[in-house]
Amino acid sequence: MSGSLLRRVRVAEVEQVANRIKRFRLVDIDNAPLSEFSGGSHISVVMHSGDRLMRNPYSLMGSPTDTSSYQISVLNCGNDSRGGSKFMHDAVSVGSELEISEPLNLFPPCKLARKHILVAGGIGITPFMSMMNELDALHCDFELHYGVRSLEEGAYCKYLQSRYGSRVNVYLQDQGQMIPLESVLGSQRLGTHMYVCGPKPMIDWALQTAELLGWPAENVHSEQFSAPPPGKPFVVKLAKSGREIEVRGHQSILEALEEHGVDAPFLCRGGACGQCETGVVSCDGFIEHNDHFLTEAERVSGKKIMICMSRIPSGSITLDL
Amino acid sequence: MTISTLKSRPTYPGLSPDHNARSNIIVCDKAGAEAVTELFSRADDTFAKRSTVIVAEGTTDQDAETLKTALAPATVGFQPSLETGIARLREFLKDAPMGLRLYAAGSEPLIGSVVQAAADYSIDHLSIRTEHRGSLKRRVQCVHCKGFTENVTTNPVTCSHCGLTLMVRDHYSRRLAAFQGVCIDAEVPGEVPETEALYQ
Amino acid sequence: MALTFKDETFRDDFTFSNSPAAIRRFPFPFVEDKYMYSVNIEPHTTGPEGSVFEFPFDIDEHYVSEMRDRAMVLQEDPARCQALPHMMMAQWDMLELVMMSMARDYPDLFTLTRDGSKWHWVNRPLKIEQTFTFGDASTLPYEPMEYIGRQVQGDFSIQDQRDNQLWMDAGIITSQADWSLDFDVGMNFFEWHGPVPLAHEAGVFERALKFLLNLQISNPVRRLNWTMTINPRLDTSPENYHKWGKDRTTVTPENVGQKVHLRVEMQGLFRLPRSNAILFSIRGYLLSLDQLVTVPKWGRRLHRVLKTLPEELIGYKGLSRYRDTTIEWLSKYDDGAPTSRGGGPD
Ligand SMILES: Cc1cc2nc3c(=O)[nH]c(=O)nc-3n(C[C@H](O)[C@H](O)[C@H](O)COP(=O)(O)OP(=O)(O)OC[C@H]3O[C@@H](n4cnc5c(N)ncnc54)[C@H](O)[C@@H]3O)c2cc1C
Ligand code: FES
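The residue numbering used here restarts from 1 in each chain and proceeds along that chain's sequence as written. To label them, take the chains in the order written and letter them from A, then take the ligands in the order written and number them from 1. Local features are withheld for residues below a pLDDT of 70 in this predicted model, meaning they are given only at 70 or higher, and side-chain atom pairs are given and counted only at 80 or more; totals for whole chains, interfaces and linings count all residues. The basis for every side-chain value is the complete set of heavy atoms in the structure, and neither hydrogens nor water enter the calculation.

**Some remarks on the overall build of chain C**
Turning to step 1, where the next piece is worked out: To qualify as a helix, a DSSP run of H or I must reach at least 4 residues; to qualify as a strand, a run of E must reach at least 2; elements of each kind are numbered from the N terminus. What chain C contains, in helices and strands, is 13 helices and 10 strands.
Turning to step 2, where the next piece is worked out: In summary, chain C has a C-alpha radius of gyration of 20 Å against a globular reference of 20 Å for 346 residues, a match within 12%.
Turning to step 3, where the next piece is worked out: Taking the principal axes of its C-alpha atoms as reference, chain C extends roughly 60 × 45 × 40 Å.
Turning to step 4, where the next piece is worked out: Evaluated residue by residue, chain C yields a buried proportion of 63% over its 346 residues.
Turning to step 5, where the next piece is worked out: We call two residues in contact when some of their heavy atoms are within 4.5 Å. Restricting the contact set of chain C to residue pairs at least 6 apart, pairs at least 24 apart contribute 71%.
Turning to step 6, where the next piece is worked out: Counting rule for charge: Lys and Arg are taken as positive, Asp and Glu as negative, and neither His nor the chain ends is counted. Note on charges: their place is set at NZ of Lys, CZ of Arg, CG of Asp or CD of Glu. Each charge class in chain C was averaged separately, 38 positive and 48 negative side chains, and the resulting centres sit 3 Å apart. Note that the radius of gyration is over C-alpha atoms, with the globule rule given as 2.2 Å times the number of residues to the power 0.38. Buried, partly exposed and exposed residues are distinguished by accessible area as a fraction of the type maximum, computed with a 1.4 Å probe on protein chains only: under 20%, between the cut-offs, and over 50%, respectively.

**Quick look at the sheet that holds strand β12 (residues 234-238) of chain A**
Residue and element names in this part refer to chain A.
Turning to step 1, where the next piece is worked out: Spatially, the five strands line up as an open sheet ordered β13-β12-β16-β14-β15, and their pairing is mixed. Single-partner strands in this sheet number two, and they are β13 (244-247) and β15 (304-306). For this sheet the average axis-to-axis angle between neighbouring strands, irrespective of direction, equals 40°. Pairing between strands is defined by DSSP: at least two bridges between them are needed. Here an angle of 0 to 180 degrees is reported between the N-to-C directions of two axes, which are lines fitted to C-alpha atoms, with helices fitted over the stretch in contact.

**Here's the deal with helix α2 (residues 126-137) of chain A**
All names here are of chain A.
Turning to step 1, where the next piece is worked out: The terminal C-alpha atoms of α2 lie 18 Å apart, and with 12 residues this matches the ideal 16 Å at 1.5 Å per residue to within 8%.
Turning to step 2, where the next piece is worked out: A large share of α2 lies buried, amounting to 10 of its 12 residues.
Turning to step 3, where the next piece is worked out: Restricting attention to buried positions, one finds in α2 the residues Thr 126, Pro 127, Phe 128, Met 129, Ser 130, Met 131, Met 132, Asn 133, Glu 134 and Leu 135.
Turning to step 4, where the next piece is worked out: One or two steps after α2, the chain reaches His 139, where phi turns positive at roughly 60°. Expected helix span is given by 1.5 Å per residue-to-residue step, counting one fewer step than there are residues.

**Focus on the environment of C:Pro345**
Residues and elements named next belong to chain C.
Turning to step 1, where the next piece is worked out: For Pro 345, the position within the fold is in the segment after α13 (323-331).
Turning to step 2, where the next piece is worked out: Spatially, the C-alpha atoms of Pro 345 and Tyr 333 are 15 Å apart, while their sequence positions differ by 12 residues.
Turning to step 3, where the next piece is worked out: Not counting residues within four places of it along the chain, the set of residues in contact with Pro 345 comprises Arg 24, Val 295 and Trp 298.

**Notes on the interface of chain B and chain A**
Turning to step 1, where the next piece is worked out: On the chain A side, the residues contacting the 18 residues of chain B number 16 residues.
Turning to step 2, where the next piece is worked out: The largest share of the area that chain B buries against chain A comes from B:Asn20, B:Met98 and B:Ser122, three residues that together contribute 46% of it.
Turning to step 3, where the next piece is worked out: The salt bridge criterion pairs a side-chain nitrogen of Lys or Arg with a carboxyl oxygen of Asp or Glu, the two atoms within 4 Å. Across the contact surface, chain B and chain A share zero salt bridges.
Turning to step 4, where the next piece is worked out: Here a polar contact means two N or O atoms within 3.5 Å. Within protein one must be a hydrogen donor candidate and the other an acceptor candidate, and residues neighboring in sequence count only if both atoms are side-chain atoms. Linking chain B to chain A there are five residue pairs in polar contact (both at pLDDT 80 or more).
Turning to step 5, where the next piece is worked out: Classifying every residue of the side of chain B that touches chain A gives nine nonpolar, four polar and five charged. Simply put, the buried area is the total loss of 1.4 Å probe accessible area from both parts when two parts are fitted together. Note that Gly is not counted as nonpolar here; it falls among the polar residues with everything else outside the nonpolar set of Ala, Val, Leu, Ile, Met, Phe, Trp, Tyr, Cys and Pro and the charged set of Asp, Glu, Lys and Arg.

**Structural notes on the sheet that holds strand β10 (residues 178-183) of chain B**
Residues and elements named next belong to chain B.
Turning to step 1, where the next piece is worked out: The strand order β7-β6-β10-β9-β8 describes an open sheet built from five strands, whose pairing is mixed. Single-partner strands in this sheet number two, and they are β7 (148-152) and β8 (157-158).
Turning to step 2, where the next piece is worked out: For strand β6 (residues 138-142) and β7, the ladder comprises three bridges, and the chain directions are antiparallel. Within the sheet, the bridge partner assigned to Gln 141 lies in β7 and is Phe 148.
Turning to step 3, where the next piece is worked out: Helix α5 (residues 108-119) contacts β6, β9 (165-173) and β10 of the sheet and is inclined by roughly 70° relative to β6.

**Remarks on the confidence of the model for chain C**
Turning to step 1, where the next piece is worked out: What pLDDT reports is the predictor's confidence in each residue, on a scale of 0 through 100. Per-chain confidence: chain C averages 93 in pLDDT, with 97% of residues scoring 70 or above.
Turning to step 2, where the next piece is worked out: Across the interface, the model reports ipTM at 0.92; the global pTM reads 0.92.

**Quick look at the domain arrangement of chain B**
All names here are of chain B.
Turning to step 1, where the next piece is worked out: Either an automatic procedure or a domain database provided the assignment from which the domain bounds are taken. Domain parsing of chain B yields domain 1 (23-132) and domain 2 (138-183).
Turning to step 2, where the next piece is worked out: A straight line from the C-alpha centre of domain 1 to that of domain 2 covers 26 Å.
Turning to step 3, where the next piece is worked out: Facing the eight residues of domain 1 at the interface are eight residues of domain 2.
Turning to step 4, where the next piece is worked out: Overall, the association of domain 1 and domain 2 removes approximately 620 Å² of surface from exposure, summing both partners, and the carbon and sulfur fraction of that is 51%.
Turning to step 5, where the next piece is worked out: The largest per-residue losses of area from domain 1 upon contact with domain 2 belong to Glu 108, Pro 109 and Gln 116, which jointly make up 60% of the total buried on that side.
Turning to step 6, where the next piece is worked out: Our enumeration of links across domain 1 and domain 2 arrives at zero salt bridges.

**With respect to the pairing of β6(B)**
Residues and elements named next belong to chain B.
Turning to step 1, where the next piece is worked out: Counting buried residues in β6 gives five out of five residues, a clear majority hidden from the surface.
Turning to step 2, where the next piece is worked out: Alternating positions in β6 separate into two faces, Arg 138, Val 140 and Cys 142 on one and Arg 139 and Gln 141 on the other, with burial throughout.
Turning to step 3, where the next piece is worked out: The hairpin turn running from β6 into β7, its antiparallel successor, is five residues long, and Lys 146 in that turn takes a positive phi close to 70°.
Turning to step 4, where the next piece is worked out: The sheet contact formed by β6 and β10 spans three bridges and is parallel. In the sheet register, Val 140 faces β10, and the bridge partner there is Phe 179.

Here you go:
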């Protein structure tokens, strides 16, 4: 049960929507209808770049009820990107074929909330695009606070303002504008939920601001667009099969296993869904836990690892596989 | 006690102050008021100053005075019953902003009623800080006639509406703020085990 | 396969029985000779032709009579069908999934025509024809879950997904194995399984929950569960336990074969796309022991399974009063011969 069934799609449209962001419209290869989805969902895009296989999650931005196509936006990570986003920008054009997974939602709006505060930074706007679509259709109360570096760097600012009017607030960093989160969160009615998506420092700041204003943890939600951080090479030993596999510096354990034909479970590949949790039999030194799934106690125990994101500094780790 | 192997049976981890909350609403009965006093002794004065305590159980004037002193500088209000106490809580919650933290201390029916009312204002039950004190009495819903029997201290118990003899299960509904009561002698009428005073 | 619907009852005179073909396709749940609790989840993909796994929602010869029994239960106790207010989108999701599947899999019986949000539904066995606007509950005689729930075999609950938990916030349950929707609605996954013995300790529910939270659109799964019921009664609800509980004392060595029924639930789990909720279908099958032992392997195996059942489960499933009589009766059908693996008849 690794991953999900894949669907072949064709790129029907590519648009440069901001300096480093492209929007891609994907249609089924046979023009069959795609699944509807819920606000906040993402898909995994499988990319074959030379002999490398990459799977990156991207949030769905279009209308959840539009089954004719899916839309994603990809930020070109430029020099930082050694992988997929550069491939999407450089090698994918109208007519290209890709494989995608079915939608998965790890960032749904809470249906019991009386109001939704959406806080986005940069490319973190993407999951909110479908979320706002859904909330608007359901006549739910929401407001968006969206910080971008500049109008040129920020995607969809104009579109969002014209579509949702005063519910959308854009803050331009180059003009010294900051999201006034303290005053936004300070004046909300009981039962309001906050959602934040953006760079890690921004997420940390938003979560902390909410906590300091006395918001219960149950009312705040976040999604981080993380990719497995690189490190030094190390060795994975598989306890059941006795195999030994080397993990390169720019590879995750999961990717190394896949490269060697070992079928390991996964879904989000971003450390959020819990699907790739694997038992640790023994380990040289400490595990660098990079996921958002394990509890603190589980991390400390050293008995579990999320192989899509986490690694060890060097040496070897024996997994219950 | 309030420990059970049944996962639906709620647990009450005990009160702890949320120092970040801008206002605290605390509902308790007389037994629970002791837990509130202890809560205040663990926090600084500004915490109590931001707190409103609703004592939802009849008290003598003298009791009330003692409590007011013990809970100062919090604002303390007295309500003659759990029902009026919950009605008062609802008034507070109606127009309240985020930044409010809710606490409940006392018997299970009291805690359950607070959690149940709070749900109407979209307050997640996990964000309510709770402590059980005093009586183990329960509110029980008869699964057959759906009537509630209050202040149940024994198992089995007679349904105060339909008269069936009910076994009180540890299965608990937050929505109803009640334990489940199921006819104990449905298979052989009259075959009823001895009544035990389990929830004094 | 052309279906002939039986006219039968699940109460009072209990005229329910299975045709020989229905016995052959009964989903006998025990794959080996002793009882083991397991999550036993498998993909709910198209099964062998004619089997109960062939389609996502199995319609069989009992359809019309079961729907009549459900209508009677709802008439007496409307609280058997409940949906919390935030579940409306999930209700539509369910209606769409069930209607699309039934119309696709049983075109002779059901027809669905869609023109944008204008939908036209024809149910021939129940003689229902309905034009409605998808998404507008005021165009249906009931809310969407109840509307379609009255036309599809099996009980249903719908779980909302919040904070890494599943919350049972809607359901239509008229033939449950002893649990109350009215009491349990709004509970989370661990809470509504609270009364199940043994499995919590084994960590079964933690694993199952984690699995379900990641359940994918278009990738439903299923599992089998079982219990025993005296008389082919569908409404074995706790609500009416004081009325049917006595049945459990009526089992004698002479009537075991007619009275005692194995009751198997095929539980299907579907991710609903728009609401991100999970639809849980509980499709029940009843088989009297008289009919069960017509398959020799099943007679042997059930005898062995009941002998090894842990005490906690005997109590939980309510078998205490008649287990011994039943084992004694079944022993006549167990000659000690080995059985083949798997649940199917030899
Ligand atoms: C839930 C979720 C939603 C997301 N939604 C969006 C979105 O809407 N828009 C968006 O722009 N981004 C989104 N992201 C982030 C996105 O998935 C990618 O992480 C991002 O595009 C950067 O990927 P990259 O491949 O360019 O770069 P990298 O992060 O460098 O690489 C990504 C992959 O390539 C591998 N890799 C990198 N370098 C090497 C190398 N030298 N050799 C071998 N393998 C290598 C990495 O291990 C990794 O698997 C989302 C992430 C998550 C978790
Ligand atoms: S695949 Fe989701 S946490 Fe690793």
